[in-house]
Amino acid sequence: MNSMFYGCYSLTSIDLSNFSFHNIKKTIYMFYNCSVLKYVDLHINRVNEVSMDYMFGECKSLISIDLSNFNSENQVSMSFMFYNCFSLSSVNLSNFKVKNKISMNEMFVNCHSLISFNFSNFKAGNEIMMNHMFDNCSSLKNVDFYNFIAENKINMNYMIYNCHSLISINFSNFNAKDDIDMQYLIYNSSSLISIDLSNLKVGNNFNAPNICFYCKNLEYLNLSNFISQNNTYMYNMLESLTSLISVDISNFQTENNIIMKNMFYNCHSLSSINFSNFSANNKINMEEMFKNCFSLDSIDLSYIKVKSDINMRLMFYNCSSLKFVNLSYFEGYNNIHMDRMFFQCSSLNNVDISYFYANNGIEMDSLFPFSNNLKYLNLSNLRVKNSASFSEIG
């Protein structure tokens with residue numbers, strides 16, 4: 001069925017509701033450049049391996065499409081499926097299921113009338129590609145990934161690109177087992193105010209550096225109840241989001257190897273962050289995590305638990321408004337590096353490290369360099385069993 005209605009310039013509507021796509025393998029360019037086509041009635045339920053690339057490309061008058069209950073056992077390709085569908089405002093993907101590889105790269109490029117998109121209850125098996133899926137969707141305001149489930153390997157690089165009307169995105173209860181890549185997930189969405197990543201669950205290999213890049217008005221991020229197994233990469237995750245005010249990382253849990261280096265670098269407006277019940281098993285890197293967060297005035301890191309290998313060097317580098325830090329009841333077992341942790345915190349005057357526990361290998365060398373206003377330092381009941389270094393702590 002490739003190019004079946006290609007260039008049918010006078011076609012305004014078509015009814016394929018009783019047509020079976022079960023054994024169809026290719027619908028590439030099927031309606032390409034049907035420039036006045038507004039309505040298509042089709043029920044694509046059970047299909048096998050199928051390529052639908054550019055199926056509705058250049059259908060500039062198409063208003064809506066229903067792909068609900070789409071179900072495929074095998075590989076599906078939908079790249080550029082709605083390319084330049086300028087009038088497309090409604091797409092139904094509810095109860096969409098694909099068992100194996102699916103490509104949605106550039107699926108909605110230049111769909112300028114698309115206002116909202118719902119991925120809730122979307123289920124994919126192995127390998128889902130969503131790179132540049134919403135390029136230049138200038139009216140897109142809301143994207144909902146609630147209860148999105150993916151088995152293995154999901155790539156969302158630059159998924160939401162130049163969507164300047166985007167206000168909110170919901171990833172709550174998003175569940176992916178292994179290999180999820182969200183690098184530059186949201187790029188240059190100047191109206192975005194909040195992101196909900198609460199209850200997000202990933203297995204191994206979560207990659208999210210610069211997840212929101214050039215989102216200059218983002219104010220709130222919810223990462224509460226985030227759970228990951230191994231290899232969580234969040235370095236530079238929210239770099240230079242100068243309007244970001246509040247972040248919730250409460251009940252955050254990870255097993256092994258998490259990198260949060262420069263996570264909030266140059267977040268000049270960040271004033272509130274919730275770390276309560278944060279838990280990591282082995283190897284966490286928080287070096288320069290809050291570098292140049294000029295508005296952060298207090299932070300509570302009490303009751304944080306990390307078993308081995310935590311790097312907090314220069315964690316609050318140049319946080320010039322930081323006044324109070326609570327590290328009481330912090331538990332770390334092996335290899336804790338805190339040297340120069342509060343470098344150039346010129347307003348810092350009160351630090352509570354009471355009941356801090358370290359089992360083996362802690363470095364606090366030059367903990368407070370150039371923090372000249374420090375008045376109160378509580379080290380009562382600090383417990384270190386083996387191998388501690390406290391040279392030039394102030």
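Rules used throughout
- Residues numbered from 1 in each chain as written.
- Predicted model: local features only at pLDDT ≥ 70, side-chain atom pairs only at ≥ 80, totals over all residues.
- Heavy atoms only, no water.
- Helix = DSSP H or I, 4+ residues; strand = E, 2+ residues; numbered from the N terminus.
- Buried < 20%, exposed > 50% of the residue type's maximum accessible area, 1.4 Å probe, protein only.
- Areas by Shrake-Rupley, 256 points an atom, 1.4 Å probe, with all protein chains shown as cover.
- Lys, Arg positive; Asp, Glu negative; His and termini not counted.
- Charge placed at Lys NZ, Arg CZ, Asp CG, Glu CD.
- Pairing = 2+ DSSP bridges.
- Salt bridge = Lys/Arg side-chain N within 4 Å of Asp/Glu carboxyl O.
- Phe/Tyr/Trp six-rings, centres within 6.5 Å; stacked < 30°, edge-to-face > 60°.
- Lys NZ or Arg CZ within 6 Å of the ring centre and 35° of its normal.
- Axes fitted to C-alpha atoms, helices over the stretch in contact; angles between N-to-C directions.

Trainee: Lay out the overall build of the chain with the relevant residues and their values.
Mentor: Counting its secondary structure elements, the chain contains zero helices and 35 strands. Taking the principal axes of the C-alpha coordinates as reference, the chain spans close to 80 × 35 × 20 Å. Going through the 394 residues of the chain one by one, you find that 52% of them count as buried. When the accessible surface of the chain is split by element, carbon and sulfur atoms take 42% of a total near 15500 Å². One way to put it: in the chain the 25 positive side-chain charges average out to a point 2 Å from where the 31 negative ones average out.

Trainee: Residues and numbers for the pairing of strand S20 (residues 201–207), please.
Mentor: Both strand S17 (residues 175–181) and S20 contribute to a ladder of five bridges, which runs parallel. Along S20, the bridge assignment pairs Ile 180 with Phe 206. Sheet topology note: the S20/strand S23 (residues 227–233) ladder contains five bridges and is parallel. Looking at S23, one finds that Asn 204 is bridged to Asn 230.

Trainee: So what's going on with the pattern of salt bridges? Residues and values would help.
Mentor: Counted according to the given criterion, the structure contains five salt bridges. As a salt-bridge pair, Lys 60 and Glu 58 come within 3.5 Å of each other at their nearest N and O atoms. With relative accessibility at 36%, the residue Lys 60 sits in the partly exposed group. One salt bridge connects Arg 313 with Asp 339, and the closest N-O pair in it is separated by 3.0 Å. In this pair, Arg 313 is assigned in the loop between strand S29 (305–311) and strand S30 (324–326) and Asp 339 in the loop between strand S31 (331–337) and strand S32 (350–352), connecting sequence segments 26 residues apart. Take Arg 313: its relative accessible area is 21%, and that puts it in the partly exposed class. Among the ionic contacts, a cluster of salt bridges with common partners joins Arg 313, Asp 339 and Glu 363.

Trainee: Describe the packing of aromatic side chains, and please don't skip the residues or the numbers.
Mentor: Tallied over the entire structure, the rule returns 52 aromatic pairs. It is Lys 291 that lies over the ring of Tyr 317; its NZ or CZ is 5.0 Å from the centre.

Trainee: Describe the sheet that holds strand S15 (residues 160–161), with residues and values.
Mentor: Adjacent strands of a sheet form backbone hydrogen bonds with each other and so pair up, either parallel or antiparallel. Across the sheet, which stays open at both edges, the three strands sit in the order S15-S18-S21 with parallel pairing between neighbours. Each edge of the open sheet carries a strand with a single partner, namely S15 and strand S21 (212–213). Two strands pair when backbone bridges link them, and S15 and strand S18 (residues 186–187) are joined in this way by two bridges, in the parallel orientation. Opposite Ile 160, over in S18, you have Ile 186 as the bridge partner.

Trainee: For the environment of Ala 388, give the residues involved together with the corresponding values.
Mentor: By the element assignment, Ala 388 lies in strand S35 (residues 383–389). Among the residues examined, Ala 388 registers a relative accessible area of 43% and is labelled partly exposed. Residues Ala 388 and Asn 262, 126 residues apart in the sequence, show an inter-C-alpha distance of 26 Å.

Trainee: Go over the pairing of strand S12 (residues 123–129), please, and point to the residues and values.
Mentor: As paired elements, strand S9 (residues 97–98) and S12 share two bridges and run parallel to each other. If you follow Val 98 over to S12, its bridge partner there is Ala 124. Where strand S10 (residues 102–103) lies against S12, two bridges are found, and the strand directions are parallel. Within the sheet, the bridge partner assigned to Ile 102 lies in S12 and is Ile 128. Across five bridges, S12 lies against strand S14 (residues 149–155) in parallel orientation. What sits directly across from Ile 128, in S14, is Ile 154.

Trainee: Requested: an account of the sheet that holds strand S34 (residues 376–378), with residues and values cited.
Mentor: Reading across the sheet, the four strands line up as S28-S30-S32-S34 and stay open at both edges, with parallel pairing between neighbours. In the strand order of this sheet, the two ends are held by strand S28 (298–300) and S34, each with one partner. Across this sheet, the average inter-strand angle for adjacent strands is 0 degrees, counted without regard to direction. Pairing of S30 with S32 involves three bridges; the strand directions are parallel. Its bridge partner lying in S32, Val 325 is registered against Val 351.

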